[in-house]
Amino acid sequence: MSAPPRELLARTLRRPGARAGLAALALLALAAAVLPPFLPDPVHQYDILEARLLPPGAEFPVGERHPLGTDHLSRDVLARLVAAAGVSLRIAALSVALSVTLGALVGLLAGQLGGWVDAVLMRLVDGALAIPRLFILLLLLLVWERIPLGALILVLGTTGWFATSRLVRGEVLRLRQEAYIQAAAALGAGHRRIIFRHLLPNVAGPLLVAATLGVGDVILLEAGLSFLGLGVPLPTPSWGGMILDSKAYILTAPWTSVAPGLAVAGTVLSVNLVGEALREALDPEPA
C-alpha cells in the first residue's frame, strides 16, 4: 500500500533537490500572486520611440525604473515576466488537473472492469499514443485564429491523459492481486466501492508523480505553442510569446529573450526536481 501523505512529504523533503525546487516554485507563485499590483501594467506602452529596448535598470519616465528593461514596444519586461508566470502556472495546474482526472478515471475503469471495457479503452489509448501530442495540438489549434485561454486549457488537458491512464491501469492490475482487494470482492463489495475505497487511494502516489512531472511538460509545451503564435492569445503575456517577440532583438537587446528563457528553464527544472524526488520517495528501496 502507498505511504501516508505525511510520510511521503517527509521522505520527499529529505532530498535537497526537492527542497530547492519547492522553494523556487513557491517564490514564483508568490511573485505571480503578490507583485502585479506593484508593477506597471504589462501591456502598457510608454513611448514607442524613446522607451523601446531600454537596458535593465533604465529609468523612464523620470522616477520609474525598469529592473529588466523594456521590450521593442516599450513594455516593462519584469511586469510581463511576472504576469506570464501567473498565466503559465494557471494553465499548467488546470490542464494537468483535467488530464490526471481523465487518465485516472479511464485507467481505474479499464483495470477494474477488465474484459471488453479494458480492451476498448486501451485500444483507444494506444491509438492516441501513436500520434504525437504536438501534432494533435497543432491540428486543433490551427482551427482557431485566436484561441481563448479557457479553450487552450481544455485542449491541453484533454490531450495529456493517455499515458496516465496506462500508468493507472498497470497499478490497478497489480493491486487487484493483493489479498485485501480480493477479500473486499469476496465480501461483496461492488466495483464502485473497490475503486474509490481501495484502489484510488493506493494509486494516488503514482498519480501525484505523474501530475507533478506533467506540470513541467505543459509549461514547456505552452511556451512552445506561444512561440509559434498558437498558444496564449494576445495581448495576454506569456513566456513563449515574449521569446517570439524578442527573437529579432536577441543580439541587440538580449535581456528581452534571456529573462523569459531562464524563467521557462528554471520553472521546468524546479518541477522536475520535485517530481523526481516524489518518485524516489514512493520507491525508496532500490530495485
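Read on for an overview of the structure. (Residues numbered from 1 in each chain as written. Predicted model: local features only at pLDDT ≥ 70, side-chain atom pairs only at ≥ 80, totals over all residues. Heavy atoms only, no water.)

## Structural notes on the overall build of the protein chain
Link 1 in the chain: Along its length, the protein chain carries 11 helices and two strands.
Link 2 in the chain: Listing each helix as α and each strand as β along the protein chain from the N terminus yields α-α-β-β-α-α-α-α-α-α-α-α-α.
Link 3 in the chain: Viewed in the frame of its principal axes, the protein chain has a C-alpha envelope of about 80 × 45 × 30 Å.
Link 4 in the chain: A total of 287 residues make up the protein chain; the buried ones form 44% of that total. (Helix = DSSP H or I, 4+ residues; strand = E, 2+ residues; numbered from the N terminus. Buried < 20%, exposed > 50% of the residue type's maximum accessible area, 1.4 Å probe, protein only.)

## What to know about the pattern of salt bridges
Link 1 in the chain: Applying the stated criterion across every chain, the model contains 10 salt bridges.
Link 2 in the chain: With its nearest N and O atoms 2.7 Å apart, the salt bridge here joins Asp118 to Arg169. Taken as a pair, Asp118 in helix H4 (residues 115–129) and Arg169 in helix H7 (residues 162–175) lie far apart in primary sequence, 51 residues in all.
Link 3 in the chain: Linking Arg123 and Asp126 is a salt bridge whose minimum nitrogen-to-oxygen distance equals 2.9 Å. A residue pair is termed a helical-turn pair when its members lie 3 or 4 positions apart in one helix, as Arg123 and Asp126 do in helix H4 at three residues. (Salt bridge = Lys/Arg side-chain N within 4 Å of Asp/Glu carboxyl O.)

## Focus: a nonpolar patch on the surface
Link 1 in the chain: On the surface, Leu27, Leu30, Val34, Leu35 and Phe38 cluster together into a nonpolar patch covering about 520 Å² of accessible area.
Link 2 in the chain: Tracing the backbone shows Phe38 in the loop between helix H2 (16–34) and strand E1 (58–59). (Patch = residues over 30% accessible without salt bridge, like charges linked within 9 Å, V, L, I, M, F, W, Y side chains within 5 Å. Areas by Shrake-Rupley, 256 points an atom, 1.4 Å probe, with all protein chains shown as cover.)

## Comments concerning the side chain of Ser99
Link 1 in the chain: Structurally, Ser99 is set in helix H3 (residues 77–113).
Link 2 in the chain: Classification of Ser99 by relative accessible area gives buried; the value is 7%.
Link 3 in the chain: For Ser99, the side chain forms a polar contact with the main-chain oxygen of Val96, separated by 3.0 Å.
Link 4 in the chain: Apart from the residues within four sequence positions on either side, Ser99 is in contact with Gly157, Gly160 and Trp161. (Polar contact = N/O pair within 3.5 Å; in protein donor to acceptor, adjacent residues only side chain to side chain. Contact = heavy atoms within 4.5 Å.)

## Some remarks on the packing of helix H8 (residues 179–186) against helix H9 (residues 191–227)
Link 1 in the chain: Two elements in contact, H8 and H9, have axes separated by 11 Å at closest approach and are oriented at 175°. As judged from the angle between their axes, H8 and H9 are roughly antiparallel. Contact with H8, carried on its side by Tyr180, Ile181, Ala184 and Ala185, involves Ile194, His198, Leu199 and Asn202 of H9 and no other residues of that element.
Link 2 in the chain: A per-class count over the contact of H8 with H9 returns six nonpolar, two polar and no charged. (Axes fitted to C-alpha atoms, helices over the stretch in contact; angles between N-to-C directions. Parallel < 35°, antiparallel > 145°, perpendicular 65-115°, else oblique. Nonpolar A, V, L, I, M, F, W, Y, C, P; charged D, E, K, R; others polar.)

## Description of the environment of Glu59
Link 1 in the chain: Structurally, Glu59 can be placed in strand E1.
Link 2 in the chain: Distance in space between the C-alpha atoms of Glu59 and Gly157 is 42 Å, their sequence separation being 98 residues.
Link 3 in the chain: If we ignore the near neighbours within four places in the chain, the residues touching Glu59 are Glu64 and Arg65.
Link 4 in the chain: Of the polar contacts made by the side chain of Glu59, one reaches the side chain of Arg65; its length is 2.9 Å.

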